[in-house]
Structures are given as structure tokens and as C-alpha cells.
Amino acid sequence: MSSGNVVIAARAGHAGRLSVARRPVALGLVGLALLAVALVAGIAAGTVAIAPADTLGILGRRLLGLDISPTWAAAAETIVIDLRLPRVLTAMIVGGGLAVAGAAFQGLLRNPLADPYVLGTASGAAFGAAIAVLIPVRALIVEFGLLHGLAFVGALGAVLVVYKLSRVGAASPMTSMLLTGYAVSSLLAAGLAMAMYLSGAGLRQIFAYLLGGFEASSWGRLAVAAPLIVVASLGIALRARSLNGMLLGEEAAAHLGVDVRRERAVLLALASLATAAAVAVSGLIGFVGLVAPHVVRLVVGPNARLVLPLAALLGASLMVGADLAARLLGDIPVGVITAVIGAPFFLVLLRRARTGYEL
Amino acid sequence: MAASFRPRARRADPLLGLILVPLLAFLAACGPSAVVPTAPPGATSSAAPPATATPAIPTATPAPTFPLAITDDEGTTVAIPAAPQRIVSLTPAATETLFALGVGSRVVAKAEDIAAYPPEADDLPVVATFQGIDVEQIVDLEADLVIAGGGNPSFTPLAAIERLRGVGIPVVVLYARNIDQALAGIRLVGLATGTSPDAGRLTAAMATEMAALGAATAVLEHAKVFYEIDATSKIYTVPADSLYAEMLILAGADPITTDDSYEISLEELVAADPAVILLGDDADYTTAADVAARPGWGDITAVKNGAVIPIADYVLVTRPGPRLVEGLRALIEALHPEVLR
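About the criteria used
- Residues numbered from 1 in each chain as written.
- Chains lettered and ligands numbered in written order.
- Predicted model: local features only at pLDDT ≥ 70, side-chain atom pairs only at ≥ 80, totals over all residues.
- Heavy atoms only, no water.
- Helix = DSSP H or I, 4+ residues; strand = E, 2+ residues; numbered from the N terminus.
- Buried < 20%, exposed > 50% of the residue type's maximum accessible area, 1.4 Å probe, protein only.
- Axes fitted to C-alpha atoms, helices over the stretch in contact; angles between N-to-C directions.
- Parallel < 35°, antiparallel > 145°, perpendicular 65-115°, else oblique.
- Left-handed = near helix turned anticlockwise from the far one by under 90°.
- Contact = heavy atoms within 4.5 Å.
- Nonpolar A, V, L, I, M, F, W, Y, C, P; charged D, E, K, R; others polar.
- Pairing = 2+ DSSP bridges.
- Expected span 1.5 Å × (residues − 1).
- Salt bridge = Lys/Arg side-chain N within 4 Å of Asp/Glu carboxyl O.
- Patch = residues over 30% accessible without salt bridge, like charges linked within 9 Å, V, L, I, M, F, W, Y side chains within 5 Å.
- Areas by Shrake-Rupley, 256 points an atom, 1.4 Å probe, with all protein chains shown as cover.
- pLDDT = per-residue confidence, 0-100.

Overview of the environment of Leu-183 of chain B
Residue and element names in this part refer to chain B.
No. 1: Tracing the backbone through its elements, the reader meets Leu-183 in helix 5 (residues 179–193).
No. 2: On the basis of relative accessibility, which here comes to 1%, the residue Leu-183 falls in the buried class.
No. 3: Sequence separation between Leu-183 and Asp-198 is 15 residues; the distance between their C-alpha atoms is 12 Å.

Structure representation (C-alpha cells):
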């Protein structure tokens, strides 16, 4: 059990505190409450003030089909339904998806520094987006433009290359994969740098993509990305048992009856799919996929059955909250907020888990 | 067991800021014309005249009747159901144009403008800054026409245009990379706002005046001119196929031009040896003394002769609005002041 062990048992000894067994329930409730608050705040707040009663009325009328006669301007309805709601839901889905993918990558690679971008998805997506900017044909303004399409393809392509290349050589599969991921990412980063150099005034567009954000969210885009992210995340959650087995090491997992090779490939594919869809719709937003799973593990331990759903809840609330903060502060890059919230919070938790922390 | 290295994917490099800051600064300072276009030039209801150094004089156009469908400078067909009463301008040039066409009272929000013109627009809410577009507020203002800036990359972020159109607000995208297209853009705004006769008169007067100024400078000596956009790290100047270059030629200059990267190396610049250096978009923070003090610049003829001239009104040189003529005058004032006397 060397590596499958977050030792929080010491803290359970503190009298009167939550027992370890109850923590998942408590954290789940806290997570749900957080998400609910974040969603409500995300829909209620914005640069235009709309009375909470009107917001509720609009939601009730349009989403629940209640027969409420409008006491609000038509513009308010457009703002809530067509501008805020898809944006908040996109942030929720992307945050949850990145957290689940991050947890899966950390477990698969048994590396606490792994995040959803570790195997080249980020550099692949960025390179794809940069190429799209260089192509002198204006992307059709459909729900998914050229930039998002190529970002998605780039992200998946990079992981596929890493996976194929890492299957040769003597190193253990995971080390090999990390090293290959590093090499491929570096190469793609060089390509990105070159593309940025060549892009001239297009630099602004590439840079905006690298910073990430949700201002371009729409129902159509959500409808394309959400099914991919949700299905992939659910697929990962259903494989929690395999992920638990792999935390013990490949041999132990094989002894537990896990088809290691196959499960690893499937989990990698699902996590990469969720990540690719997320980065295609929102650009590169760091920290949520790295921090959310760790925070959950620090509280409830390493069991993937608990970590995956709780990390999804936490990632979703964190992202919705970060996007709201970003909007209220004048559309600053949401990645700045996730790092500013995420890093200190993470450090505090890490310090409190005095007894040491391993995956 | 954790590997000791950190195989994180590369994100934005801090060095990027060094490249980006000057670029963004000059993009922010210019009108939409500072961005590199690929979209076809503005096909208005009448075909756009071919690009020449001397602008063509447009013919009068009748007032349009609503509803109407117009084709904007990106080739998008925009339906305008009725004469717009709540107009939002997302470029400083469009703000100027709307006020010049007499529909300023119908403008409900504007873009941030470093030149703060016209003064009547001072109190309008700002919904477009370089950081982004406040789509929510535009919707809340119940805008029935939005004038945006195009190009590639787009002056107005595509995401914002898409979202506005998505909620049913007509968005007309303007983009000019030469004088004729700038005038066509003004006429397109006239068409969209039901002020075609005014726009026709305004652009005809502008074209006549610019043609006269161009004719006056055409016979004079065209000195080799370097128009400096920024030189804090890399050196940026005007692309050959741009509103900048056309304005400089019309003002009686032989501009040193570059490709669409806007970049020129110091070696190329020294080899081209300009007789005059015009401080354009960096005129607010650069002086002739700064230029002379730059390593390697001392041997350039313009520096040796003290012919480094700031253009205080540099904003007007590429702002595709009604004051484009003033931009031309500012350039001529620096190069051939006798023409204006």
C-alpha cells in the first residue's frame, strides 16, 4: 500500500471531528451547496443588474415553463437565457470535466503533478488553434469555428502520438509516457512559438486562446462540447475500480483482475477526450484540473469512487466561481482567477495534512 | 515514486508579454485598419471602386427604405428591419461617422476612444475596450444596430459579433485597408442608418479634398520616409498594402514599407536610409532625442539632419472616419507644409 495512501488517519483522532467515514458525505453536500451557490450567483450577477426576482421569474418561465407574466424587459430575458446561462453551464461542465480528467491522469500516471494537460493536450490544442489563426481563410462563424475544431483535433492528435510513441522502449509504460509527453509537448511548444512569430497581428487571437475563457459560450457550442465531456467523465467514473487498482501498481492491479493494458488505454482515451472537448470550447485554463482532485483526496483519501464525483463537483464550482469573478472584474482571464484561488487554498490544505501526502 | 521533473505542457511564456505589449499598444491606438485583412473589401450596395492612389468621387445615393438588407465588409448580409433608433458603435471611427452623419443622438453606447472625439459622445457609456466587449450591456440597452470593426484578426472579437447576432441584433462589420474602402464604409453606415444622402455628400467632399491635396503633393519631391509605429523592442512600420501607406503616398512621401508583419529590421532600415522619420503611433511616448540616442540610428540621414517629426494627430492618419482628411493634412503639415499655406 505504499503509494495508495493518503494518511489523514492521524487527524481522525482529533476528538469531536467528522469521522473519516462521514467525510465524503459532508464534502459531497458542501460541494453541491457550493455548486448551487456558484450557479445562482453566476446567473444573477453580471455587468447589467437584473433583480433576483426577475432572474428567478425568467428562469421559471423559460426553463420550467411556468406561466409567469413578464415584469421584466425582453432584454433581461435575453441576457439571462442566451448570455449568462450557457456561459455558466459551460464553465460548470468544463470545470467538472477537467477535474475528473485530472484525477484520472494523476491516478494513471501515479504522479501528483499530472494534470489534464500533461500528455500534450494543451500544447496540441494551442498549436492547432495557432495554425487555425494562420490559415488565411476566415473560419465559418458556425458554432464551432476553425480554431476550436483544430484545437480539438490538435489536443487528441498530440495524445495519440504520445501514446503510440511511448509503447516502445524499456522504461515502464508510465515513465515512458510522461517522458514522451514532455518531448512531444516541447516540440509542439516550439511549433506554437513559430506560429506565433509568423502570425503578425493574429497574435492577439492566439494569445486570447492561450489565456482561456468563457466569453464565447453559446448554447450551440455547449451542445457540441457538453455531451463529449459528460460522457467521457461518466465513463471514467464508471472505471473507478480500475483506477483504484492501478494506484496500487500495475502488478497489483493485474492481480485484482484488472486488464491493465486495456483499462489504461480506455481511461487515457476518455480523459483525453474530456480534456480536448474542454480546451476546444474554453481555451487553456490551468489549475482546476490539478488542484480539485488533490483537495478532494486530502479530505477523503485516494478512493477513486469518491474522488472522481467529488472532484467533479469541486472543479465545477471552482470554475463557475472563477468565471464569475473574472466577469465582474471586467473580463480578465479566468486562468488568472483559478490560479489565484487555487494555489493558496491548495497550499493551506497541503500544510494541514502534516503526516505526508502521497497519491 | 513521483518523477522528479515536471512534464507540464507549456503555457503562455512570460517573454510573450515583451512581444505583445508594443503590438497591443499600437493595435489599440489605431483604428481597425491596423489589423491584417483577408476578407474581401466592402461590397456595399454599389460596387466598391478599385483602389487607386487618388480616391474616386462617389455619386449621390438615394435614401434607403427600411426594411433593408445590406452586405457588410466581411460579406455578411445584415437585415435591418427599421430605421435604427438605438445604435451602438464598437469602433472610434464608427462613432465619429455616426455623429458626422447627424445620427449622434441615436447612439446609445460607444467604444473607448483615446482621441475622445466627438465631445458630444463624451457621456455615452463605453461598451468596447481593448479588453473586450460588454455584450450584456449592449443587449440591455436594446440596441437595434451595432457597428463593429473587422479584419483578420477581427478588431471586434468574433465571439462578441457572434453572440450579438445570436440574440438577433444586426451587426454591420466595417473594415478598410485603403481610402476608398474607408469612404465606402462611411456610405455603408449611411445606408444602415437611413442617412445615405448625407453620407454621399460627406464622402464626396472628402474624396474631392483628398484628391486636391494629393494632386498638390504629387508634383513635389517624394522623400524617403520612415513612419514609426513602435520601436521599443522590435521596429514596426507600415505594410505596403495598407491605409497607412496610401495616406503617406498621398501626402507626398515615399514610404519605407514592409509586409503584413509590420516588422522591419534595423539593418533594413539603415540600408533604406530615410530622409525623414515620422513618429506615428508612438508619438506620445517617443521624442526625436530618443530616436537619436538609439544605438545604430545615428547614421540615418533623417537623424543626422534632425528630420525626426512627431505626428501629434497620428490617430487620424488611419482612422477610417470623417476626419481622415485631417489625418492627411497632419502628414502633409510634417512633410510639405507649404502645400497647406
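The discussion continues.
Remarks on the packing of helix 5 of chain B against helix 6 (residues 196–218) of chain B
All names here are of chain B.
No. 1: One way to put it is that helix 5 packs onto helix 6 with a least axis distance of 7 Å and a crossing angle of 165°. With respect to their mutual orientation, helix 5 and helix 6 come out roughly antiparallel. Relative to helix 6, helix 5 is oriented so that their crossing is right-handed. Residues Ile-179, Leu-183, Ile-186, Arg-187, Gly-190 and Leu-191 of helix 5 form the contact with helix 6, whose participating residues are Ser-196, Ala-199, Leu-202, Thr-203, Met-206, Ala-207 and Met-210.
No. 2: Here the residues of the contact of helix 5 with helix 6 sort into nine nonpolar, three polar and one charged.

Structural notes on unusual backbone geometry
No. 1: A cis amide bond links Phe-66 of chain B with the next residue in sequence, Pro-67 of chain B, at an omega value of 0°.
No. 2: Within the element layout of this structure, Pro-67 of chain B appears in the loop between helix 1 (15–29) and strand 1 (68–71).
No. 3: Even without being a glycine, Arg-110 of chain A presents a positive backbone phi close to 45°.
No. 4: Relative to the helices and strands, Arg-110 of chain A is located in the loop between helix 4 (74–109) and helix 5 (121–134).

Quick notes on the packing of helix 4 of chain A against helix 12 (residues 260–282) of chain A
Residues and elements named next belong to chain A.
No. 1: Interaxial distance between helix 4 and helix 12 falls to 9 Å at its minimum, and their mutual angle equals 150°. Crossing hand, helix 4 versus helix 12: left-handed. Within the contact between the two elements, helix 4 uses Thr-90, Val-94, Gly-97, Leu-98, Ala-101, Ala-104, Phe-105 and Leu-108 and helix 12 uses Arg-264, Leu-267, Leu-268, Ala-271, Ser-272, Ala-274, Thr-275, Ala-278, Val-281 and Ser-282.
No. 2: Residues of the contact of helix 4 with helix 12, tallied by class, amount to twelve nonpolar, five polar and one charged.

What to know about the pairing of strand 7 (residues 145–149) of chain B
All names here are of chain B.
No. 1: Among the five residues of strand 7, five are classified as buried, and the element is accordingly described as predominantly covered.
No. 2: Both faces of strand 7 are covered, namely the face carrying Leu-145, Ile-147 and Gly-149 and the face carrying Val-146 and Ala-148.
No. 3: Across three bridges, strand 3 (residues 87–89) lies against strand 7 in parallel orientation. Its bridge partner lying in strand 7, Ile-87 is registered against Leu-145.

Looking at helix 15 (residues 334–352) of chain A
No. 1: Compared with the 27 Å implied by 1.5 Å per residue over 19 residues, the 27 Å span of helix 15 of chain A between its first and last C-alpha is a close match.
No. 2: Taken together, the buried positions of helix 15 of chain A are occupied by Val-334, Gly-335, Ile-337, Thr-338, Gly-342, Phe-346 and Leu-349 of chain A.

Details of the sheet that holds strand 11 (residues 253–255) of chain B
Residues and elements named next belong to chain B.
No. 1: One open sheet accounts for four strands, arranged 11-9-13-14; its pairing is parallel. Two strands close off the open sheet at either side, each with one partner strand: strand 11 and strand 14 (308–310). Going across the sheet, the axis of each strand differs from the next one's by a mean of 35°, ignoring polarity.
No. 2: Alignment of strand 13 (residues 276–279) against strand 14, held across three bridges, turns out to be parallel. The residue of strand 14 that forms the bridge with Leu-278 is Ile-309.
No. 3: In the packing of helix 7 (residues 243–250) onto the sheet, contacts are made with strand 9 (223–228), strand 11 and strand 13, and the angle to strand 11 comes to roughly 150°.
No. 4: Relative to the sheet, helix 12 (residues 324–335) contacts strand 9, strand 11, strand 13 and strand 14, its axis offset from that of strand 13 by approximately 145°.

Quick look at the pattern of salt bridges
No. 1: Counted by the stated rule, this structure contains 19 salt bridges over all chains.
No. 2: Between Asp-323 of chain A and Arg-87 of chain A there is a salt bridge, and its shortest N-O distance comes to 3.0 Å. With Asp-323 of chain A in helix 14 (residues 304–328) and Arg-87 of chain A in helix 4, this pair connects stretches of sequence that are 236 residues apart.
No. 3: On the basis of relative accessibility, which here comes to 2%, the residue Asp-323 of chain A falls in the buried class.
No. 4: Arg-87 of chain A gets classed as buried once you look at its relative accessible area, which sits at 5%.
No. 5: Here the residues in one salt-bridge network are Arg-84, Arg-87, Asp-323 and Arg-327 of chain A together with Glu-136 of chain B, joined through shared partners.

Focus on helix 10 (residues 240–247) of chain A
No. 1: Judged by how many residues are buried, helix 10 of chain A sits mostly within the fold: seven of eight residues are covered.
No. 2: Those residues of helix 10 of chain A that are buried lie in contact with helix 4, helix 9 (219–238), helix 11 (250–255), helix 12 and helix 14 of chain A.

A word on a nonpolar patch on the surface
No. 1: A cluster of nonpolar side chains, contributed by Leu-134, Met-194, Tyr-197 and Leu-198 of chain A, occupies part of the molecular surface with about 400 Å² of accessible area.
No. 2: In this fold, Met-194 of chain A is placed in helix 7 (residues 173–198).

Some thoughts on the environment of Val-171 of chain B
All names here are of chain B.
No. 1: Inspection of the secondary structure assignment puts Val-171 in strand 8 (residues 171–174).
No. 2: Linking Val-171 and Ile-161, residues ten residues apart in sequence, is a C-alpha distance of 6.9 Å.
No. 3: Excluding anything up to four places from it in sequence, Val-171 contacts Asp-72, Val-78, Val-146, Ala-148, Ile-161, Leu-164 and Arg-165.

Observations concerning the confidence of the model for chain B
Residues and elements named next belong to chain B.
No. 1: Across chain B, the average pLDDT comes to 83, with 81% of residues at 70 or higher.
No. 2: Across residues 1–53, confidence stays below pLDDT 50; counting only partners more than four residues off in sequence or on other chains, it has 116 contacts.
No. 3: If you check the scores for this complex, the pTM reads 0.77 and the ipTM reads 0.71.

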